[in-house]
Amino acid sequence: MQSMTNPESISYLTQRDAAEIDEILMGPLGFSVDQLMELAGLSVATSIVEIYKPSEYNRVLAICGPGNNGGDGLVAARHLHHFGYKPFVCYPKRTAKPLYTGLVTQLESLAVPFLTVEDLPSDLSKDFDIIVDAMFGFSFHGTPRPPFDDLIQKLVYLHKCNQTCQKSSLIVSIDIPSGWHVEGGDVNGEGIKPDMLVSLTAPKLCAKKFSGPHHFLGGRFVPPSIVENYKLHLPPYPGTSMCVRIGKPPQIDISALRENYISPEFLEEQVEANPMDQFLKWFDDAVAAGLKEPNAMCLSTVGKDGKPSSRMVLLKGVDKDGFVWYTNYESRKANQLSENPRASLLFYWDGLNRQVRVEGFVQKVSDEESEQYFHSRPRGSQIGAIVSKQSTIVPGRHVLYQQFKELEEKFSDTNLIPKPKHWGGYRLKPELFEFWQGQQSRLHDRLQYVPQEIRGKQAWKIVRLAP
């Protein structure tokens, strides 16, 4: 997950400081070069995934130099393969050390193609969506020698082509755009102009001259002692992410935002005859995929005024009789359901390109069922249900906190907190299901289950809807 940090508040390293920090990491702090390389390459790969999805930018060429920066590129290529991209590697000046030969062997075992400089087309845009520039890092100085001088010019040409052509390969530079001065940047203005820069450990001074749309920091391994000794100001990494965005993302044309879904076909002969069985099958897939809150669903209701309203709620039970959730019986949705006991549920599982719509009749669950679920909730949630007069206006958050503390004290010696009468569950009995699977070119699969009577028995008819 990406986060945004003001680039003015971040520390930038000189070449000397960057070299010293590497020596400390691999000396007294006990890191090995292969550990740091693995973390760096993974950071680069996750930064790429944040912006350039494999469904749109699949073909990646990693151009790797002979040093540590090249090693980072080899590691990144391996991770990109596992993330669903199709990487290629150009590694013209191979290093004979076991660490590097091992990285090559790992890629070869994945059938990642290695290309010679002569194999590359004159215009890289013809064959590749992304170029990973892993030629030179912060320790490089001087003038690039063959074949890297020509490879750098190929990348410079891409930027010029990008200004005149409709589609050009995107450039992702690791730590330092190759050929740039580590502190002065693109001194003569004729160097590589990357679309993304992934700084490692901490940005180098040249990163201040980076003007591309995406700047990320990777390398979530800097110990507190280094932060303190070098007075580093580094952004916090969000969640479990290996990368963090520096600066604001570029302005986006909302109309241009689109995803080209790639999914297995969803065919009539493959689905369950009973839509509840099909739902449970997809729900299990969402759980197995580790999606956050797979039981989250959008509940839509309409009152007698004909005005619809929607909100996210959590599914708390599902069986042959329908879908169950719990709420305040004096809330807006409850009032609408009392006026019009019909509703629609929508489940959206982004990671699987799937949606399920369910429509049907709604009624309250039994008091016994509500009571049982209420007392299964965490104690704080039980008190919260009593405090919240849902959908009514409150003077401020402090009022809720105060009431919560008062009730917490009131029930401190009570094992069983009484369920409020205005709180309980609803069950939607399905009358229609629609299962949606995203596909390429907007030719989505939509299979609808509608009830029908066959020889006096209720059954479900499956029809395909146009996307």
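Residues numbered from 1 in each chain as written. Predicted model: local features only at pLDDT ≥ 70, side-chain atom pairs only at ≥ 80, totals over all residues. Heavy atoms only, no water.

The chain is annotated in an unreviewed UniProt entry as NAD(P)H-hydrate epimerase from Hevea brasiliensis. Within the UniProt record for the chain, the comment given under Sequence similarities (unreviewed entry) is "Belongs to the NnrE/AIBP family." As recorded by UniProt, the Function (unreviewed entry) comment attached to the chain reads in full: "Catalyzes the epimerization of the S- and R-forms of NAD(P)HX, a damaged form of NAD(P)H that is a result of enzymatic or heat-dependent hydration. This is a prerequisite for the S-specific NAD(P)H-hydrate dehydratase to allow the repair of both epimers of NAD(P)HX." (UniProt positions renumbered as here; feature names shortened; annotations may be inferred.)

Moving on: the overall build of the chain. Each helix and strand counted, the chain has 11 helices and 17 strands in total. Its C-alpha atoms give the chain a radius of gyration of 28 Å, more than 25% over the compact-globule value 23 Å for 467 residues. On the principal axes, the C-alpha backbone points of the chain span a range of 80 × 60 × 40 Å. Looking at the chain as a whole, 45% of its 467 residues qualify as buried. Put simply, of all contacts in the chain between residues at least 6 apart along the chain, 70% involve residues at least 24 apart. Accessible surface, the chain as shown: approximately 24,500 Å² in total, 52% of it carbon and sulfur. The averaged location of the 54 negative side-chain charges in the chain is 5 Å from the averaged location of its 51 positive side-chain charges. (Helix = DSSP H or I, 4+ residues; strand = E, 2+ residues; numbered from the N terminus. Rg over C-alpha atoms; globule rule 2.2 N^0.38 Å. Buried < 20%, exposed > 50% of the residue type's maximum accessible area, 1.4 Å probe, protein only. Contact = heavy atoms within 4.5 Å. Areas by Shrake-Rupley, 256 points an atom, 1.4 Å probe, with all protein chains shown as cover. Lys, Arg positive; Asp, Glu negative; His and termini not counted. Charge placed at Lys NZ, Arg CZ, Asp CG, Glu CD.)

I48, L74 and V89 are the most contacted members of the largest nonpolar core, which totals 33 residues. The contacts of V89, once residues within four sequence positions are left out, are L61, A62, C64, L74, A77, L107, V112, P113, F114 and L115. If you look at the next biggest cluster of nonpolar residues, it comprises 29 residues, including V313, F323, W325 and V356. (Core = buried A, V, L, I, M, F, W, Y, C linked by side-chain atoms within 4.5 Å.)

A separate point is the packing of aromatic side chains. On inspection of all chains with the given rule, the structure shows 25 aromatic pairs. Geometrically, the ring pair formed by F266 and W282 is tilted, given 4.8 Å between the ring centres and 45° between the ring planes. One end of the pair, F266, is in the loop between β8 (243–245) and α7 (275–288); the other, W282, is in helix α7, with 16 residues separating them in the sequence. For the pair F266 and W282, one class covers both residues: buried. Aromatic side chains W282 and F435 sit 5.4 Å apart centroid to centroid with 90° between the ring planes, which places their arrangement in the edge-to-face category. Taken together, the residues span a long stretch of sequence, with W282 in helix α7 and F435 in strand β15 (residues 423–437) at a distance of 153 residues. (Phe/Tyr/Trp six-rings, centres within 6.5 Å; stacked < 30°, edge-to-face > 60°.)

This brings us to helix α1 (residues 15–26). Given a rise of 1.5 Å per residue, 12 residues ought to cover 16 Å, and the 17 Å separating the end C-alpha atoms of α1 matches this to within 8%. Those residues of α1 that sit buried are A18, I21, D22 and L25. Along the axis of α1, the buried positions cluster into a sector of 100°, meaning they face one direction only. When the buried face of α1 is taken as reference, the exposed residues oriented beyond 90 degrees from it are R16 and E23. For α1, the elements touching its buried residues are α2 (33–51) and α6 (224–229). (Expected span 1.5 Å × (residues − 1). Arc of directions from axis to C-beta.)

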